Amino acid sequence: MRKARAREPIPKHRQTVLVLQGGGALGAYQAGVYAALAETTYQPTWIAGVSIGAINAALIAGNRPEHRIDRLQQFWDRVSSGINYPVPALDASRAAFNQFSAAYAATVGVPGFFRVAPPSPGLFFGRDERCAIYDTAPLRETLTELIDFDLINSKAVRLSVGAVSVTSGNSIYFDNYEHTIGPEHIMASGALPPAFPPVTIDGESYWDGGIVSNTPLQYVLDARGKDDILALSVDLFSARGDMPTDLASVMARQKDIQYSSRTRYNADTAAKIQNTRQAARDLLLALPLRLRNAAGIAELQQLLATPKVDIVHLIYRQRAYEHGSKDFEFSRASVNEHWDAGARDMRDTLEHPHWLHKSGLDDGVTMYDLHRPPAPS
């Protein structure tokens with residue numbers, strides 16, 4: 001594996017946060033991002049994830065640094081072992097291969113992840129406590145084998161995974177700074193209905209956190225405290241895309257729009273709040289000295305002070321032959337491609353700072369997007 005260059009274009013922060021979106025089989029892209037990140041001194045002190053992002057986050061936080069890439073590789077090798085064949089070279093043939101692979105996963109399940117549940121008369125009409133098509137017991141076994149939950153609960157690295165209450169509809173983050181994390185918390189974050197059953201924790205049932213928000217960025221911005229942070233936000237669906245030309249591309253585009261994270265919206269909102277705080281601080285400083293020394297003003301100035309946030313935004317860009325089934329297409333070929341794409345994007349971010357385009361955000365919140373230069377004609 002090629003080493004990243006030693007230079008570090010992004011200033012050091014007190015915390016580096018890895019923010020991982022949901023996206024099923026596309027999550028191998030996040031594993032590749034971390035594999036390249038692990039070659040540098042930018043080691044995450046906090047990892048927040050939703051759905052497959054929560055699984056990747058737990059695999060990283062739940063292992064010592066020297067074992068993390070091996071555990072990620074073991075997980076992604078395991079779940080991609082169902083279809084492990086050479087792939088066609090042509091895009092049209094590859095599209096058919098991917099559709100077959102996705103259909104295979106939907107029909108028989110994914111090794112180490114989920115399997116088709118036994119049929120139940122009450123599943124469609126009546127009563128069935130499982131309320132799902134698949135059984136995720138294999139995932140519990142995989143998580144228990146590959147993750148050291150004692151290490152997670154030692155708080156060596158902060159871990160936050162998002163879920164949603166089935167009955168109240170409220171979003172919740174299971175955070176090892178506040179909760180004792182076990183396999184059930186990671187499974188709850190990835191319990192996407194109606195495929196997967198809800199997960200019960202302390203008498204409450206939970207589904208996939210992506211139902212409410214497919215990115216944990218807002219949680220990180222809300223819970224960051226007083227530290228300056230560098231947030232590496234890794235998204236698996238792109239909000240921008242081409243006009244669909246057939247039903248398959250319509251389904252893919254619809255899924256991209258539905259599950260593309262609110263990274264840009266969250267960053268814009270944080271910048272507006274930051275600007276409002278700055279305006280209030282400026283107003284306080286303009287007060288006469290006797291008023292500035294009044295009781296409560298110094299405390300208010302402290303409350304208005306917020307830390308600097310730099311957000312580096314990496315987005316998986318789908319290939320021409322990928323369609324609406326891309327998030328449950330677990331062939332070994334696709335998983336390896338996604339991993340390599342994530343590693344390449346992370347290396348490019350670190351090696352080519354001039355490719356990072358700064359957004360118009362200012363006053364403490366800055367967004368950077370990776371834009372490669374066009375290939376020479």
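Structural data are supplied above this passage.
Below you will find a few notes about this structure. Once a new chain begins, its residue numbering starts again from 1 and follows that chain's sequence as written. Reporting in this predicted model follows two pLDDT cut-offs: at least 70 for local features of residues, and 80 or more for side-chain atom pairs to be given and counted; totals over whole chains, interfaces and linings ignore these cut-offs and use all residues. Side-chain measures were taken over the full set of non-hydrogen atoms in the model, leaving aside hydrogen atoms and water.

## Observations regarding the overall build of the protein chain
Thought 1: Helices and strands together make up the secondary structure of the protein chain, namely 13 helices and 13 strands.
Thought 2: In terms of overall dimensions, the protein chain is globule-like: its C-alpha atoms have a radius of gyration of 22 Å, near the 21 Å expected for 377 residues.
Thought 3: Burial classes: relative accessible area under 20% of the type maximum marks a residue as buried, over 50% as exposed, and values in between as partly exposed (1.4 Å probe, protein chains only). Taking all 377 residues of the protein chain together, 52% fall into the buried category.
Thought 4: Note on definitions: a residue-residue contact is assigned when non-hydrogen atoms from the two residues lie within 4.5 Å. At a minimum sequence separation of 6, the contacts of the protein chain that also span at least 24 residues come to 73%.
Thought 5: Total accessible area computed for the protein chain in this model is approximately 17,800 Å², and 56% of it derives from carbon and sulfur atoms.
Thought 6: Within this scheme the basic residues Lys and Arg register as positive and the acidic residues Asp and Glu register as negative, but His and the chain ends are omitted. Where a charge lies is defined by one atom per residue type: Lys uses NZ, Arg uses CZ, Asp uses CG and Glu uses CD. For the protein chain, the centre of its 38 positive side-chain charges and the centre of its 41 negative side-chain charges are spaced 5 Å apart. Counting from the N terminus, the helices are DSSP H or I runs at least four residues long and the strands are E runs at least two residues long. In this description the radius of gyration comes from C-alpha coordinates, and the expected globular size is given by 2.2 Å times residues to the power 0.38. Methods summary: accessible areas were calculated by the Shrake-Rupley approach with a probe of 1.4 Å, and residue burial reflects only the protein chains presented.

## Here's the deal with the sheet that holds strand S3 (residues 109-110)
Thought 1: An order of S3-S4-S5 is seen for the three strands of this open sheet, with the pairing classed as antiparallel. With partners counted over all chains shown, the strands left at the sheet margins are S3 and strand S5 (134-135), one partner each.
Thought 2: Paired strands, in this sense, are two strands between which DSSP finds at least two bridges. By the bridge criterion, two bridges tie strand S4 (residues 114-116) to S5 in an arrangement that is antiparallel. Residue pairing across strands places Arg115 opposite Asp135, the latter belonging to S5.

## A closer look at the layout of surface pockets
Thought 1: A cavity here means a set of 1 Å grid points, computed over protein atoms only, where a 1.4 Å probe fits but cannot escape. A pocket is an open set with protein on both sides within 12 Å along at least 5 of 7 lines, and lining residues have an atom within 4 Å of a point. Grid points are joined across faces, edges and corners, and a volume is the space filled by probe spheres set on the points. Here the largest pocket defines a volume of roughly 720 Å³.
Thought 2: In terms of lining, the largest pocket is formed by 35 residues, of which the most central are Leu192, Ala195, Lys255, Asp327 and Phe328.
Thought 3: For the lining of the largest pocket, the elements supplying multiple residues, two or more each, are helix H2 (52-61), helix H4 (91-108) and helix H9 (247-259).
Thought 4: In terms of residues, the lining of the largest pocket owes the most to one element, H9, which gives six residues.
Thought 5: When the residues that make up the lining of the largest pocket are grouped by side-chain class, the tally is 19 nonpolar, 13 polar and three charged.
Thought 6: A volume near 440 Å³ is recorded for the second largest pocket.
Thought 7: Taken together, 21 residues line the second largest pocket, and the ones lying closest to its centre are Arg240, His313, Ile315, Arg317 and Asp369.
Thought 8: Those elements giving two or more residues to the lining of the second largest pocket turn out to be helix H10 (263-285), strand S11 (309-315) and strand S13 (365-370). Nonpolar residues are Ala, Val, Leu, Ile, Met, Phe, Trp, Tyr, Cys and Pro. Charged residues are Asp, Glu, Lys and Arg, and all others, Gly as well, are polar.

## A closer look at the packing of aromatic side chains
Thought 1: Between 30 and 60 degrees the pair is tilted, below 30 it is stacked and above 60 it is edge-to-face, where a pair is any two Phe, Tyr or Trp rings, Trp via its six-membered ring, whose centres lie within 6.5 Å. A full pass over the atoms with the stated rule returns 13 aromatic pairs.
Thought 2: Seen in terms of ring centroids, Phe113 and Phe330 are 6.0 Å apart; in terms of plane orientation they differ by 85°. Their pairing is edge-to-face. Placement of Phe113 in the loop between S3 and S4 and of Phe330 in the loop between S11 and helix H13 (332-351) is noted, with a sequence separation of 217 residues between them. The exposure classification of Phe113 matches that of Phe330, with both residues buried.
Thought 3: Through pairs of rings, three or more aromatic residues link up here, namely Phe75, Trp76, Phe113, Phe114, Tyr134, Phe196 and Phe330.
Thought 4: We count a charge as sitting over a ring when the NZ of a lysine or the CZ of an arginine lies within 6 Å of the ring centre and within 35 degrees of the ring normal. Lying across the ring of Trp46, Arg158 places its NZ or CZ 4.1 Å from the centre.
Thought 5: The ring centre of Tyr177 lies 4.6 Å from the NZ or CZ of Arg158, which sits over that ring.

## Looking at the nonpolar core
For soluble globular proteins, the rule of thumb is that nonpolar side chains tend to be buried together.
Thought 1: In plain words, nonpolar cores are sets of buried Ala, Val, Leu, Ile, Met, Phe, Trp, Tyr and Cys residues tied together by side-chain atoms within 4.5 Å. With 69 residues, the main nonpolar core has Leu18, Ile55, Phe75, Trp76, Phe113, Leu159 and Ile186 as its most contacted residues.
Thought 2: Filtering out sequence-adjacent residues up to four positions away, Ile186 remains in contact with Ala54, Ile55, Ala58, Leu143, Phe149, Leu159, Val161 and Ile181.
Thought 3: Val17, Ala231, Ala267 and Met367 belong to the second largest nonpolar core, which has 19 residues in total.

## Focus on the environment of Asn275
Thought 1: Within the secondary structure, Asn275 is located in helix H10.
Thought 2: For the pair formed by Asn275 and Pro65, sequence separation is 210 residues and the distance between their alpha carbons is 38 Å.

## Observations regarding empty space enclosed by the protein
Thought 1: Taken as a whole and judged by the stated rule, the model has three cavities of 30 Å³ or more.
Thought 2: Of the pockets and cavities examined, the largest cavity occupies roughly 60 Å³.
Thought 3: Together, Val79, Gly82, Ile83, Ser101, Tyr104, Ala105, Gly109, Val110, Pro111, Phe330 and Ser331 line the largest cavity.
Thought 4: Breaking the lining of the largest cavity down by element, the ones donating at least two residues are H4 and S3.
Thought 5: Broken down by element, the residue count for the lining of the largest cavity peaks at three residues, all from H4.
Thought 6: Looking at the lining of the largest cavity residue by residue, the class counts come to seven nonpolar, four polar and no charged.

## So, the pairing of S11
Thought 1: Counting buried positions over the seven residues of S11 gives seven, a clear majority of the element.
Thought 2: With seven bridges connecting them, strand S10 (residues 229-235) and S11 associate as parallel partners. Note that in S11 the partner of Ala231 across the bridge is Ile311.

## A closer look at the packing of helix H1 (residues 28-37) against helix H3 (residues 68-79)
Thought 1: Think of each axis as a best-fit line through the C-alpha atoms, taken over the contacting stretch in the case of a helix, with angles from 0 to 180 degrees between the N-to-C directions. H3 packs onto H1 with a crossing angle of 160° between their chain directions and a minimal axis gap of 10 Å. Taken together, the axis directions place H1 and H3 in an arrangement best described as roughly antiparallel. Two packed elements cross with a definite hand, and for H1 against H3 that hand is left-handed. Counting all contacts with H1, which are made through Ala28, Ala31, Tyr34 and Ala35, the residues of H3 involved are Arg68, Ile69, Leu72 and Trp76.
Thought 2: When grouped by side-chain class, the residues that make up the contact of H1 with H3 number seven nonpolar, no polar and one charged. In these notes the angle categories are as follows: under 35 degrees is roughly parallel, over 145 is roughly antiparallel, 65 to 115 is roughly perpendicular, and the rest is oblique. Left-handed is the label given to a crossing in which the near helix is rotated counterclockwise from the far helix by less than a right angle, and right-handed is the label when the rotation is clockwise.

## Thoughts on H9
Thought 1: Taking 1.5 Å per residue as the helical rise, H9 with its 13 residues ought to reach 18 Å, and the 18 Å between its terminal C-alpha atoms agrees with that figure.
Thought 2: Along H9, the residues classified as buried are Ser249, Ala252, Arg253, Lys255 and Asp256. One face of H9 carries all of its buried residues, which in axial projection span an arc of 160°. The exposed residues of H9 that point more than 90 degrees off its buried face are Leu247, Met251 and Ile257. Given a helix with a known number of residues, its expected span is that number minus one, times 1.5 Å. Comment: arc refers to directions from the helix axis out to C-beta atoms.

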